[in-house]
Number of protein chains: 2
Amino acid sequence: MPKLGMEPIRRAALVKATIAEVGDAGSLDVSVSKIAKRAGMSSALAHHYFGGKDQIFLAAMRHTLTVYGAEVRGALVMADGPRGRVEAIIRAGFSNTNFRTDVIAAWLNFYVMARTSDDAHRLLRIYQRRLHSNLVHGLRPLMGDRAGAVAARIAALIDGIYLRQALSRDAVSGSDASAQVLAALDKEIGQ
Amino acid sequence: MPKLGMEPIRRAALVKATIAEVGDAGSLDVSVSKIAKRAGMSSALAHHYFGGKDQIFLAAMRHTLTVYGAEVRGALVMADGPRGRVEAIIRAGFSNTNFRTDVIAAWLNFYVMARTSDDAHRLLRIYQRRLHSNLVHGLRPLMGDRAGAVAARIAALIDGIYLRQALSRDAVSGSDASAQVLAALDKEIGQ
DNA sequence: GGTTTTTGATTGACTCGTCAATCAATAAAA
DNA sequence: TTTTATTGATTGACGAGTCAATCAAAAACC
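These figures come from a predicted structure and were not determined experimentally.

Draft legend 1. Just the packing of aromatic side chains, in detail. Tallying each qualifying case throughout the model produces 14 aromatic pairs over all chains. A centroid spacing of 6.0 Å and a plane angle of 85° characterise the contact between Tyr-68 of chain A and Trp-107 of chain A, whose relative ring orientation is edge-to-face. Remark: Trp-107 of chain A occurs in helix 6 (residues 101–114) and Tyr-68 of chain A occurs in helix 4 (residues 53–78); sequence separation between them is 39 residues. By the burial criterion, Tyr-68 of chain A is buried, and Trp-107 of chain A matches it. Seen in terms of ring centroids, Tyr-68 of chain B and Tyr-127 of chain B are 5.5 Å apart; in terms of plane orientation they differ by 70°. Their pairing is edge-to-face. Taken together, the positions of Tyr-68 of chain B in helix 4 (residues 53–78) and Tyr-127 of chain B in helix 7 (residues 118–143) put the pair 59 residues apart, joining distant regions of the chain. Each member of the pair, Tyr-68 of chain B as well as Tyr-127 of chain B, carries the same accessibility label: buried. Put simply, the rings of Tyr-68, Trp-107, Phe-110, Tyr-111 and Tyr-127 of chain A touch in pairs and so form one group of aromatic residues. The cationic tip of Arg-11 of chain B hangs over the ring face of Phe-50 of chain B; the distance from NZ or CZ to the ring centre is 4.5 Å.

Right, here's the structure in full:
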């Protein structure tokens, strides 16, 4: 049976299963056994590859952020001009991907985890800094020195609106969310 | 021993202990035994009064929201004029109380819980609606029909900035946070 | 006033379940 | 035969919820 080179396959399967499981449960209160079963292996094997539960979670979070980062980068290469860049970043944050229930659950629990886990906190900081610097890069040509402060506000607004949408149980609309942030952006520019 | 009328005292003690325990752990992963011990009683008694773990948590959340609501109301009676009312609401959200680690933990976990628990979701909606209607009430004299949309934006910005502060490990500054929201508010008014 | 009954307060002990982590054993490549 | 893959079985710990029993105040009764 042992086809060699199983490790990366197993790891990927576990990461995917973890995100799905956390999404179903809505919390990090999920057992390794369940995750392993969903990924089609024994819990012992999960431990063998990841060492422990925490590391499985972290890998899952890392994966979520990687996907998000890729999405933003993808939107950026299509963007035209400074204003276009900012708009691309905003829209990427409210893509359908990010409103899938498992992704929402991942983010929410990630926030909770970041308060107590150094690793999670570090990961989160990376995301925040990247978002901020992306925004500043687009905003500077539009408003010069004010770019830093405005970027902070826009970033917070993105998080805030995302949070509200995530917590609402109505059908979410990414375009409405984007529109709100863009409206605020226009106020900042037009001043 | 049975002094009558212990129930409200015990309940209050359990609520307090729950908030403290969740604050320490940073998550809802705390045992009833620990909570009960901190509140100075047996776990059996905690079950006797509350029925189950979930109900203990909900009571704790309800209490946190009650305190927050009282703080906002207190700030509002001191406020002068529409603009003053809006400013009071904003500042109340960033008071020192709300940046205590246990309160932060309560909010973050509350968000997580609201995704799966109907009771928690209902509670959260009450808070959100109250915040929104308070903001609209202050904003309407300043901008008429636009009040609704602007209130939504300001509310999201409050949440977003709170979230960022909560997740930062630097010393938080409520006044800086307020200043950022007020800056955005001025942009909205001055348009 | 003294006695009995009721009732709220309280807990230790127990049940039943779960779960993370470990380990020894098996199987198949290389 | 050495390494990699894989698992069943096991262990040790912990936790939620239940229950029967105890204790003492208070209310009802004589």
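Still more to cover.
Draft legend 2. How the structure looks around the relation of the copies chain A and chain B. With an RMSD of 0.1 Å, the fit of chain A onto chain B corresponds to turning through 180° and sliding 0.0 Å along the axis. Such a turn and shift between the copies fits a two-fold axis. Relative to the rotation axis, the C-alpha of Gly-160 of chain A is the closest in chain A, positioned 1.8 Å from it. Most of the interface of chain A is mirrored in chain B, where 100% of its interface residues again form contacts.

Draft legend 3. The arrangement of the confidence of the model for chain A in detail. Considering every residue of chain A, the mean pLDDT works out to 92; 98% of them sit at 70 or more. Mean pLDDT per element in chain A: helix 9 (residues 174–189) of chain A is the minimum at 92, and helix 8 (residues 147–167) of chain A is the maximum at 96.

Draft legend 4. Region of the structure containing the packing of helix 5 (residues 81–93) of chain B against helix 7 of chain B. Residue and element names in this part refer to chain B. Close contact between helix 5 and helix 7 brings their axes to 8 Å; oriented N to C, the two are set at 150°. The pairing of helix 5 with helix 7 is recorded here as roughly antiparallel in orientation. Helix 5 and helix 7 meet at a crossing whose hand is left-handed. Along the contact surface, helix 5 presents Pro-82, Arg-83, Arg-85, Val-86 and Ile-89, while helix 7 presents Leu-131, Asn-134, Leu-135, His-137, Gly-138, Leu-139, Pro-141 and Leu-142. Here the contact of helix 5 with helix 7 is composed, by residue class, of eight nonpolar, three polar and two charged.

Draft legend 5. Highlighting the packing of helix 6 of chain A against helix 7 (residues 118–143) of chain A. All names here are of chain A. Direction vectors running N to C along helix 6 and helix 7 enclose 120°, while the axes themselves pass 8 Å from each other. Taken together, the axis directions place helix 6 and helix 7 in an arrangement best described as oblique. Handedness of the helix 6/helix 7 crossing: left-handed. Contacts between helix 6 and helix 7 involve Trp-107, Phe-110, Tyr-111, Met-113 and Ala-114 from the first element and Ala-120, His-121, Leu-123, Leu-124 and Tyr-127 from the second. Its residues assigned to classes, the contact of helix 6 with helix 7 shows nine nonpolar, one polar and no charged.

Rules and cut-offs
- Here the residue numbers are simple positions, counted from 1 along each chain's written sequence.
- Chain letters and ligand numbers both follow the written order, the letters beginning at A and the numbers at 1.
- Per-residue local features of the predicted model are confined to residues with pLDDT of at least 70, and side-chain atom pairs are confined, for both listing and counting, to 80 or more; whole-chain, interface and lining totals are unaffected and use all residues.
- Hydrogens and water are ignored here; the side-chain numbers use all heavy atoms of the structure.
- The rule is short: rings of Phe, Tyr and Trp, with Trp giving its six-membered ring, pair when the centres are within 6.5 Å, and they are stacked under 30 degrees, edge-to-face over 60, tilted in between.
- The way it works is that DSSP assigns letters per residue, a run of H or I at least four long becomes a helix, a run of E at least two long becomes a strand, and they are numbered from the N terminus.
- With a 1.4 Å probe rolled over the protein chains alone, any residue whose accessible area is under 20% of its type maximum counts as buried; one over 50% counts as exposed, and the rest are partly exposed.
- Consider the ring centre and the ring normal. A charge sits over the ring if Lys NZ or Arg CZ is within 6 Å of that centre and within 35 degrees of that normal.
- Fitting of the copies onto one another was done by least squares over C-alpha atoms, counting residues only where both copies have pLDDT of at least 70.
- Throughout, a residue-residue contact means that at least one pair of heavy atoms, one from each residue, lies within 4.5 Å.
- Confidence of the predictor in every single residue is expressed as pLDDT, which spans 0 to 100.
- Only the stretch in contact is used when a helix axis is fitted, and all axes are lines through C-alpha atoms; the angle between N-to-C directions ranges over 0 to 180 degrees.
- Geometric relationships in this document are graded by angle, where less than 35 degrees denotes roughly parallel, more than 145 denotes roughly antiparallel, 65 to 115 denotes roughly perpendicular, and other angles denote oblique.
- Definitions for this section: a left-handed crossing has its near helix turned counterclockwise from the far helix by less than a right angle. A right-handed crossing has that turn clockwise.
- Following the grouping adopted for this structure description, the nonpolar residues are Ala, Val, Leu, Ile, Met, Phe, Trp, Tyr, Cys and Pro, the charged ones are Asp, Glu, Lys and Arg, and the polar ones are all others, Gly among them.

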